[in-house]
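# Descriptive analysis of the structure
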Amino acid sequence: MLPQLQNQDNCYFISEPNLGKTVKKLFELKSLAGDSREITKSEEEIYCEENFVKTYKRDQTGRFIAQLPLKENAESVLGSSKENAIKRLNGIWNKLNKNNTMETLYKEFMRGYENLGHMEEAEDEIMDKLKYYIPHHAIFKPEKTSTPLRVVFDASAKTTSGFSLNSILLNGGIIQKDLFSIVSRFRKHKFAFSADIKKMYRQILIDQNQRDLQRIVWKTSADASVKVYKLSTVTYGTFSAPFSATRTLKALADEGRKVFPKAEELLKNDIWFSSPDLQTDELEDNQFIPDPTYVDELKCAVTLTFNGYNSEFYDELFNCTNNFTKLIRIFSFIFRFINNTKVKECRNKVSKYLTAEELHRSTEFLARVAQLSEFKAEIDAL
């Protein structure tokens, strides 16, 4: 249980000399750039796109095989990571031995991963091969009936050189259309449907030559011998996973455009991809967070700066996440901050959990922005 603070006083500081003017500009939605603006890709995004096109392939069953987009000289910076992975595995078993339900679920997850062919045991240890061992741990929420336990892979764990797998991976940028356009088009049709790609990341294989970068260690009991496995598919927790998944969908649409032209349009224009809602950092016992599920939103909200309004302000917000629920929460925290700066007495400031009213306000705000962005000409003509 996280400690609960009572009668907490909050103080806020902002470096913007004219807060009123900044907040006013924040709500001047008509200055938002529309979808017609030219999107300039960075050198990294261009490289990832070209690298994907040159290297992706499909196996005999039709499954896509992608490569991890690595930075230059990645081979020379990674240090040793196996000892840390084993140390964290032993820490996991210290917890599993105290909770039979958690142990059963964890073992079922790992067994299922192997049975589906999503990981394979490493048969040999090639000394000069570039390797990285990904530590893993569990997020256990027994109150959830659908998924009480999720296993999280921490590709940000540093090696002895101070670098991790994520630090040598390229991101690739956002492939799908922006959320506002998708939400706006969603309202234009008479019928709508939603669907889910089961284990989406794990439907895409990683090139055989790069799987040593996705090694893990596992054992079936605290006293059992440690075995080394290689993850065969795109792994959540890696920096490039969202790009690999969405870019593969685009490749699928391109290849099937002649046979399924309507499906191509749907995949390219009307899909909003939400990455797995998992945390990769374990919370310390003495750390106070209103709700563990708010960690990412809080990070986004508190790192944004008010340095004069321009269209890039919204772009920065929308690039924080591609999860609509998280986007609502981010705006809720921003609005809360703005409101709290107007309150003189600390005891009247709002803290802790987001309320239904705050979430509703942010949802309506995002809908208005989407309408003004997508239907600006129609609104101006009214």
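Residues numbered from 1 in each chain as written. Predicted model: local features only at pLDDT ≥ 70, side-chain atom pairs only at ≥ 80, totals over all residues. Heavy atoms only, no water.

### Examining the overall build of the protein
- Helices and strands together make up the secondary structure of the protein, namely 12 helices and 8 strands.
- Counting across all 382 residues of the protein, residues that qualify as buried make up 40%.
- In the protein, the proportion of contacts linking residues at least 24 apart, taken out of those at least 6 apart, comes to 74%. (Helix = DSSP H or I, 4+ residues; strand = E, 2+ residues; numbered from the N terminus. Buried < 20%, exposed > 50% of the residue type's maximum accessible area, 1.4 Å probe, protein only. Contact = heavy atoms within 4.5 Å.)

### A look at the sheet that holds strand β6 (residues 205–206)
- Read across the open sheet, the 3 strands follow the order β1-β2-β6; overall the sheet is mixed. The open sheet has two free edges, formed respectively by β1 (57–58) and β6, since each of these has just one partner strand.
- Pairing geometry for β1 and strand β2 (residues 64–66), over 2 bridges, is antiparallel. Along β2, the bridge assignment pairs lysine 57 with isoleucine 65.
- Contacts between helix α6 (residues 241–255) and the sheet are confined to β1 and β2, with β2 contributing the most and set at about 135° to the helix. (Pairing = 2+ DSSP bridges. Axes fitted to C-alpha atoms, helices over the stretch in contact; angles between N-to-C directions.)

### A closer look at the sheet that holds strand β3 (residues 119–121)
- Strand order in the open sheet formed by 3 strands is β3-β8-β7, with antiparallel pairing between adjacent strands. A single partner strand is all that each edge strand has here, and the edge strands are β3 and β7 (215–218). If you compare each strand with its neighbour and ignore which way they point, the axes differ by 35° on average.
- In the sheet, β7 pairs with strand β8 (residues 227–231) via 4 bridges, with the strands oriented antiparallel.

### Considerations on the packing of helix α3 (residues 82–96) against helix α4 (residues 100–115)
- As a packed pair, α3 and α4 sit with axes 8 Å apart at the nearest point and diverge in direction by 135°. With respect to their mutual orientation, α3 and α4 come out oblique. Across the interface between the two elements, Ile92, Trp93 and Leu96 of α3 pack against Asn100, Met102, Glu103, Tyr106 and Lys107 of α4.
- Counted by class, the contact of α3 with α4 contains 5 nonpolar, 1 polar and 2 charged residues. (Parallel < 35°, antiparallel > 145°, perpendicular 65-115°, else oblique. Nonpolar A, V, L, I, M, F, W, Y, C, P; charged D, E, K, R; others polar.)

### Some points on the packing of aromatic side chains
- Going through the model one piece at a time under the given rule, you end up with 11 aromatic pairs.
- Plain terms: the ring middles of phenylalanine 52 and phenylalanine 243 are 6.4 Å apart, the flat faces sit at 80° to each other, and that makes the pair edge-to-face. Residue phenylalanine 52 is located in helix α2 (residues 43–55), and its partner phenylalanine 243 is located in helix α6; the two are separated by 191 residues in the primary sequence. For the residue pair phenylalanine 52 and phenylalanine 243, the accessibility class agrees, reading buried in each case.
- Judged by centre distance (5.7 Å) and plane angle (25°), the ring pair of tyrosine 56 and phenylalanine 64 falls under stacked.
- Residue classification places tyrosine 56 among the partly exposed residues on the basis of a relative accessible area of 22%.
- Among the aromatic residues, ring-to-ring pairing joins Phe52, Tyr56, Phe64 and Phe243 into one connected group.
- Cation over ring: arginine 361 sits above phenylalanine 335, and NZ or CZ is 4.4 Å from the ring centre. (Phe/Tyr/Trp six-rings, centres within 6.5 Å; stacked < 30°, edge-to-face > 60°. Lys NZ or Arg CZ within 6 Å of the ring centre and 35° of its normal.)

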